[in-house]
Amino acid sequence: MKTSIFILIFFFGCYVQASAEKEKAIEPAIMECQYDHTAVRDTLDRSHVMKDRMILRIGKNVSQFYSWYTLQGDSMWTDPRGRKIAAERIFEALRTQNHENIIGERTDGYIYHSYPQKGITTTYTSQGGEDMRTPVTFLYFSEETPRQEWKIQDSVKQVLRYTCQLATAQFRGRLWYAWFTPDIPIDNGPWKLSGLPGLIVEAYDSQNYYYYTLTGIQTKKLQPVTFYNYWEKVFEKTTRLDYLKKAHKSQIKYADKFRYTNYDFLELDYHQ
């Protein structure tokens, strides 16, 4: 219940001012990949899993990666009619104790590769303050587009209709397994994983805390690669490590207030 109340505070608190463009087309897309994503949200009880649908939209020069559910939530909560529907679903979740249909953020952030600068990956996201009375801050951080040092293995298997080969790499504190397909010679993949001679169609860490599985590919009637800012906010600059360290502090602080905080992030190098 406390989690759902916090969601209400977050979304109504964000809806206070408008000054930016909600959608900005960057370039035409040539491919859109859909991935099922799971993330264990309690490492002591692995039955608590966050399920998401992720979109990898690829253009000639730029690609973007984001949660379909988060995009739908941002779109609805910033629209008067949509906001009414979203609020009704939260109250229904409170009544039934079934939170599966809550409209809102699941996987946070929108990741852009080579936008707004070539060779740079930029993440646009938001972060709560020190307490629930502090306004949410909208942030971005940039980094050179990560390149994992993959070791290609002999193992092969089929994913959907594609022949795939296994590769492994250590990346920011986790050992990753990635299945890529030379049938689609595109250097891209879910999240920040790339650098193989083919699209990454399945990826997971060695503990299976985080998992991505390709479920479909579209190449026709695509939306363009788009910069989304439904909250019409001006983003403040931060660094990736500062963002993660602050998120970790908040997670510890509110561990007794919210369910399922006994987990760590995709990237672990902020502990160093």
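The model shown is predicted, which means the values in this text are computed figures rather than measured ones. (Residues numbered from 1 in each chain as written. Predicted model: local features only at pLDDT ≥ 70, side-chain atom pairs only at ≥ 80, totals over all residues. Heavy atoms only, no water.)

A. Spotlight on the pairing of strand 3 (residues 49-59). Across the 11 residues that make up strand 3, a large majority, 8, are buried. Bridging between strand 2 (residues 29-40) and strand 3 involves 11 bridges; their strand directions are antiparallel. Note on strand 3: the bridge partner recorded for Met31 is Ile58. Alignment of strand 3 against strand 4 (residues 63-67), held across 5 bridges, turns out to be antiparallel. Paired with Ile55 across the strands is Tyr66, a residue of strand 4. The antiparallel hairpin formed by strand 3 and strand 4 contains 3 residues in its connecting segment. (Buried < 20%, exposed > 50% of the residue type's maximum accessible area, 1.4 Å probe, protein only. Helix = DSSP H or I, 4+ residues; strand = E, 2+ residues; numbered from the N terminus. Pairing = 2+ DSSP bridges.)

B. Inspection of unusual backbone geometry at higher detail. Cis geometry is adopted by the peptide bond preceding Pro116, which originates at Tyr115 and carries an omega value of 5 degrees. Inspection of the secondary structure assignment puts Pro116 in the loop between strand 5 (110-113) and strand 6 (120-127). With a phi close to 55 degrees, Leu160 is a non-glycine residue in the positive phi region. One can find Leu160 in the loop between strand 8 (151-159) and strand 9 (162-171). Exposure remark for Leu160: the relative accessible area of 47% places this residue in the partly exposed category. Although it is not a glycine, Glu232 sits at a positive phi angle of roughly 55 degrees.

C. Quick peek at the sheet that holds strand 11 (residues 199-205). The mixed open sheet is built from 12 strands, whose spatial order is 8-9-10-11-12-2-3-4-5-6-7-14. Of all the strands in the sheet, the pair left with one neighbour each is strand 8 and strand 14 (236-237). The pairing of strand 6 with strand 7 (residues 137-144) spans 8 bridges and is antiparallel. Among the inter-strand pairings, Tyr124 is bridged to a residue of strand 7, identified as Tyr140. Sheet strands in contact with helix 2 (residues 68-77) are strand 3, strand 4 and strand 5, and its direction is about 80 degrees off that of strand 4. Helix-sheet contacts for helix 4 (residues 240-253) involve strand 6 and strand 7, and the interaxial angle to strand 6 is about 30 degrees. (Contact = heavy atoms within 4.5 Å. Axes fitted to C-alpha atoms, helices over the stretch in contact; angles between N-to-C directions.)

D. A look at the packing of aromatic side chains. In total, this model carries 22 aromatic pairs according to the counting rule given. With a centroid separation of 5.7 Å and 70 degrees between ring planes, the pair formed by Tyr66 and Tyr228 is classed as edge-to-face. Placement of the pair is Tyr66 in strand 4 and Tyr228 in strand 13 (residues 225-228), with a sequence separation of 162 residues. Classification of Tyr66 by relative accessible area gives buried; the value is 2%. (Phe/Tyr/Trp six-rings, centres within 6.5 Å; stacked < 30°, edge-to-face > 60°.)

E. Inspection of the nonpolar core at higher detail. Tyr35, Trp150, Trp176 and Trp191 are the most contacted members of the largest nonpolar core, which totals 46 residues. Elements represented by at least two residues in this core include exactly strand 2, strand 3, strand 7, strand 9, strand 10 (174-181), strand 11, strand 12 (210-218) and helix 4. If you tally residues by element for this core, the top one is strand 9, at 6 residues. (Core = buried A, V, L, I, M, F, W, Y, C linked by side-chain atoms within 4.5 Å.)

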